[in-house]
Amino acid sequence: MANLSAMHKTREDDVLECFLYPKFCYTSNTDNVTETQLNEEIARYYQEIAPYTTDYIWHRDALVFRPRTKQAMMLERILENSMVIEDYQTVPHIYATLHFDEDIGDEWFTVFLIYQLTKVFDGLIARLVDSDGEFLLIEAANALPLWANPETCQDRVFIHDGSLHVIREKGKSFVNLLNNINRIPQNSRMSEKVQSILNKRIEIYPEEIYKRKHKARAFLPEKAASILRQEPGLIAPIIRTICHSDPLERKVCRAMRYFPPEQRTMVNVKMTKCLYALASHCRYTGDPRTGWNLPPASSTKYNAYVLGVKIACGLEMLVARANEERRKRAKNAAGMDNEGKLILNEHSFNAFLSRLEASGYFKDLLEGSQEREKLLVVAKDYFLKQLSLDDSLLHSSKTDAERVLEAWENIQTNDVEMYAQDEGTLSPADSDSWLNVDPAQLEMLLNQQWGNSKDKKHEHEPLSLREKVQAFLNQNSDIDGVQFLEDQSTDDNTRHDPDENGRMEFDADVFDSTLRDILDLVVPGGEGEFEGSSEGSLGGDDEDKGGEMDKYMRLLDSQLQAELVKEEEHIDNKHTDVVEANLMESIQGESGGSGPAGNIIGGPIRRLMHLQLQSPTTVPPDLQS
């Protein structure tokens, strides 16, 4: 689908992209959809998800919706110099991007929110993709139909009314595809098994929001404790900053100018389990010259002291970074207005105008005309807005740093004294035993998530060959061939796993049953066993067929037994063995020259010393030992 090429950009790792298509975006003229309409819709979305997101601690990014009109997307394509004609057909939508980094729980929480929105808002259709592509199909891979593969499903997976849909139609415009999903959802809705797998993945919310939280003790500088009381969500950038920092960035922690360690207090700090695990495995314990005065590692308060050091140092680094960035921006932006920004980026802006002219944006209007000036103002505004957006994206960590700096500047002395409390009044910290998982617990968790493969092996009784042939003949074929949808889950369980290093499992009972089914197709008989119609060879009385089969098997057994007895007699009576006589005759005929017998016996002569040669003089000299 060429009109979706805008979504084919190389995506960053650990990034989720959301494309939301309200009903009015594809049922009306796409040119008439305005940014105001989209912003009003975004406000309704925020109101709907507010009960879930109010106290939620995002690992890195919060879920932020942005409007995308058709004109804005066209300007964006031109600005990126990647204009394609089909891109103009892209439907206006609401866009969101989310960096979840180490905490994949943020991604699935967002999936839960989008599912909720599609249930509440009539006609809302959503697309969700990450760096792995169509990750929703990856989650339900074991239940997908045979035709569902990366080629047929790329950019064709949607969420509508709380269900997953995959479009199979080709050659239709994107607007028509969205309309078809809304009007006739049964044509694109995936099976109940696929829906149940995805519902199982997200039905843990909203309870999971509370389960993922962890309360820990931390011995913090008083200003640090006050900041976290005002902005509990700042704990995420604080811990990520200290855990991802290097020794050069940690130099500012030697002086601790903003959060000195002299006045500290014991407090409870709430964070996610992922953040607590990151902080626990961070080896940094502060500069010993700073004066943190840590207790012995055997003390029960050691973990609280170390966690307090890490949080305080993270805050120190963020405030120092924000101050440095503030000084740079003040120096660069002194007295610079929008015209100054255009002059500073004159080359980029001129290139942008040239691409607009080539694309027909100005509609061949005369220079200086009112209509052209209006279009030029829109282009300038978009270019300046894009510059600001790029700058904010480039310095995304600066936003968190600015928030910390503002909270630090707003701290009053009485705030610290007001919230000072005795350690004995604190509620106990949560247990962190979940950090340690033994093999038995891991096996149990894997079985809960994926099920026990040994138990699944015997869930369904395999069909006999006769039943499989009959099912094949009863199926309707399309361009992809006959599909056995009811057997797919069983077939998937028996597919080769490359991680098994080539190991194969052999089931003797299944092999014997399959062999008997194959032999049942053609019962051995006389000269005329292949004569007659195919119906005669495949049909017939089951009882007669069974009797012939027993006779055939008994005949095989008797022949094998006779051969075994003959072989034993042959070994006991070596002088009369026909093979030995023929071999001796060949050796004598070769008379020491090269030949088949000499080549065979010349190498392994010592292994054939058990042969009783009748006369050494008749053996060629090169074979005599």
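This text goes with the structure placed above it.
Residues numbered from 1 in each chain as written. Predicted model: local features only at pLDDT ≥ 70, side-chain atom pairs only at ≥ 80, totals over all residues. Heavy atoms only, no water.

Another point: helix 8 (residues 192–202). Regarding helix 8, the residues found buried are Val194, Gln195, Leu198 and Ile202. Around the axis of helix 8, the buried residues are gathered within 95 degrees of arc, so they sit on the same side. Looking at the packing, one finds that the buried side of helix 8 touches helix 4 (105–120), helix 5 (135–139) and strand 6 (163–166). (Buried < 20%, exposed > 50% of the residue type's maximum accessible area, 1.4 Å probe, protein only. Helix = DSSP H or I, 4+ residues; strand = E, 2+ residues; numbered from the N terminus. Arc of directions from axis to C-beta. Contact = heavy atoms within 4.5 Å.)

For the peptide bond that leads from tyrosine 205 to proline 206, omega is 10 degrees, which places it in the cis range. Positionally, proline 206 belongs in the loop between helix 8 and helix 9 (207–211). Phi is positive for aspartate 155, close to 60 degrees, though the residue is something other than glycine.

Glancing now at the packing of aromatic side chains. If you walk through the whole model with that rule in mind, you get 17 aromatic pairs. Plain terms: the ring middles of tyrosine 56 and tryptophan 58 are 4.6 Å apart, the flat faces sit at 65 degrees to each other, and that makes the pair edge-to-face. One exposure class covers both tyrosine 56 and tryptophan 58, and it is buried. Between tryptophan 108 and phenylalanine 135 the ring centres are 5.6 Å apart and the planes differ by 80 degrees, which places this aromatic pair in the edge-to-face class. With a gap of 27 residues between them, tryptophan 108 in helix 4 and phenylalanine 135 in helix 5 connect regions that are remote in the sequence. By relative accessible area, which is 6% here, phenylalanine 135 ends up buried. Clustering of aromatic rings is evident, with ring pairs tying together Tyr52, Tyr56, Trp58, Phe109, Phe112 and Tyr205. Sitting over the ring of tyrosine 95, arginine 68 keeps its end group 3.8 Å from the ring centre. Directly above the ring of tryptophan 147 sits arginine 168, whose terminal nitrogen or CZ lies 4.0 Å from the centroid. (Phe/Tyr/Trp six-rings, centres within 6.5 Å; stacked < 30°, edge-to-face > 60°. Lys NZ or Arg CZ within 6 Å of the ring centre and 35° of its normal.)

When two helices pack together, their arrangement is given by the angle between the helix axes and by the axis-to-axis distance. The contact between helix 11 (residues 235–243) and helix 12 (residues 273–281) brings their axes to 10 Å, and the two run at 30 degrees. The orientation of helix 11 relative to helix 12 falls into the category roughly parallel. As helix 11 runs across helix 12, the sense of the crossing is left-handed. Across from Ile235, Ala236, Ile239, Arg240 and Cys243 in helix 11, the residues of helix 12 making contact are Leu275, Leu278 and Ala279. Broken down by class, the residue content of the contact of helix 11 with helix 12 amounts to seven nonpolar, no polar and one charged. (Axes fitted to C-alpha atoms, helices over the stretch in contact; angles between N-to-C directions. Parallel < 35°, antiparallel > 145°, perpendicular 65-115°, else oblique. Left-handed = near helix turned anticlockwise from the far one by under 90°. Nonpolar A, V, L, I, M, F, W, Y, C, P; charged D, E, K, R; others polar.)

Moving on, we get to the state of the cysteines. Under the criterion given, the structure shown has zero disulfides. With no disulfide partner, cysteine 253 has as its closest neighbouring cysteine sulfur the one in cysteine 313, 4.0 Å distant. (Disulfide = S-S within 2.5 Å.)

The element strand 4 (residues 125–130) is extensively covered by neighbouring structure, given that six of its six residues are classed as buried. Side-chain alternation along strand 4 places Ile125, Arg127 and Val129 on one buried face and Ala126, Leu128 and Asp130 on a second face that is also buried. Alignment of strand 4 against strand 5 (residues 157–160), held across two bridges, turns out to be antiparallel. If you follow alanine 126 over to strand 5, its bridge partner there is isoleucine 159. (Pairing = 2+ DSSP bridges.)

Phe65 and Leu164 are the most contacted members of the largest nonpolar core, which has 61 residues in total. Setting aside chain neighbours within four positions, we find phenylalanine 65 in contact with Leu20, Ile42, Tyr45, Tyr46, Ile49, Ile94, Tyr95, Ala96, Ile114 and Leu117. Counting residues in hydrophobic clusters, the runner-up holds 43 residues, among them Tyr276, Tyr284, Trp292 and Ala401. (Core = buried A, V, L, I, M, F, W, Y, C linked by side-chain atoms within 4.5 Å.)

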